[in-house]
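# Descriptive analysis of the structure
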Amino acid sequence: MNYEEIKSTADNEMKEAVKSFEGRIANIKAGRASESVLDGITFSYFGNETPINQAATITIPEARLLVIKPWDKSNIGPIEKAILKADIGINPQNDGEVIRLPFPTLTEDRRKEYTKEVSKYAEDAKVSIRNKRRDAMDDVKKSEKSGDITEDDRFSLEEELQNITDKSIDEVEKLADKKNKELLTV
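Presented here is a report on the structure given in the accompanying data block. None of these values were measured; they are calculated from a predicted model. (Residues numbered from 1 in each chain as written. Predicted model: local features only at pLDDT ≥ 70, side-chain atom pairs only at ≥ 80, totals over all residues. Heavy atoms only, no water.)

### Description of the overall build of the chain
Of the regular secondary structure elements, the chain holds four helices and six strands. Walking the chain from its N terminus toward its C terminus, one meets helices and strands in the order α-β-β-β-β-α-β-β-α-α. Taken against the 2.2 N^0.38 rule, which gives 16 Å for 186 residues, the C-alpha radius of gyration of the chain at 22 Å runs more than 25% over that of a compact globule. Buried residues in the chain amount to 38% of all 186 residues. Sequence-distant contacts, at least 24 apart, represent 65% of the contacts inside the chain between residues at least 6 apart. By element, 47% of the accessible surface of the chain is carried by carbon and sulfur atoms, the whole surface being about 10900 Å². Treating the 31 positive side-chain charges of the chain as one cloud and the 38 negative ones as another, the clouds have centres 6 Å apart. (Helix = DSSP H or I, 4+ residues; strand = E, 2+ residues; numbered from the N terminus. Rg over C-alpha atoms; globule rule 2.2 N^0.38 Å. Buried < 20%, exposed > 50% of the residue type's maximum accessible area, 1.4 Å probe, protein only. Contact = heavy atoms within 4.5 Å. Areas by Shrake-Rupley, 256 points an atom, 1.4 Å probe, with all protein chains shown as cover. Lys, Arg positive; Asp, Glu negative; His and termini not counted. Charge placed at Lys NZ, Arg CZ, Asp CG, Glu CD.)

Below you can see the structure in the form of structure tokens.
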């Protein structure tokens, strides 16, 4: 591998680790309505598994209420069943026209549990980033031995990899802090 390949591969893998962390914490409810709770929930629509947001209008009229208005009213039942089956911790209320998802307020203990969960996910993401750095450093050493890069290139590449790692870890910490503040805000 050459200098640029190693650097870009490590950078892309670390960005993926940050994105993955962001996706994991997006599904943690902060006691406020969020469309992200419906991510990954599908229902059978003409024999195809369809995401809810592709068959309904989703609105948030109040801070703790999500309203789903299916474009085809015959989908209300299947959408409601899919939400119940997904077990997101919110009971849908169906009035024949729309489905309402009232988000319960979080207790202080539950908020603290969620912040611990965010911190655990953040630590997992940091470990993943460090593992990617280690793999890239191994590639650097192999490339130097095979003559693809020089010793000077190795030192500069190791420094760049460390900077990319530090930047990725900082991003994870900022995302975790932001989510924890969101969770602890009553």
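### Concerning a negative patch on the surface
Residues Glu22, Asp166, Asp170 and Glu171 make up a contiguous surface patch of negative charge. At three residues, helix α4 (residues 151-184) tops the list of elements feeding residues into the negative patch. Inspection of the secondary structure assignment puts Glu22 in helix α1 (residues 3-26). (Patch = residues over 30% accessible without salt bridge, like charges linked within 9 Å, V, L, I, M, F, W, Y side chains within 5 Å. Salt bridge = Lys/Arg side-chain N within 4 Å of Asp/Glu carboxyl O.)

### Description of the sheet that holds strand β6 (residues 99-102)
One open sheet holds the four strands; their spatial order is β3-β4-β6-β5, and the pairing between them is antiparallel. Edge positions in the sheet fall to β3 (56-62) and β5 (93-94), since each of these pairs with one other strand and no more. Inspection of the sheet shows β5 paired to β6 by two bridges, in the antiparallel sense. Each residue of the ladder has a partner; that of Gln93, found in β6, is Arg100. (Pairing = 2+ DSSP bridges.)

### Thoughts on the side chain of Ser143
For Ser143, the location among the structural elements is in helix α3 (residues 108-146). Residue classification places Ser143 among the buried residues on the basis of a relative accessible area of 3%. Apart from the residues lying within four places of it in its own chain, the contact partners of Ser143 are Met1, Ile6, Asp148 and Ile149.

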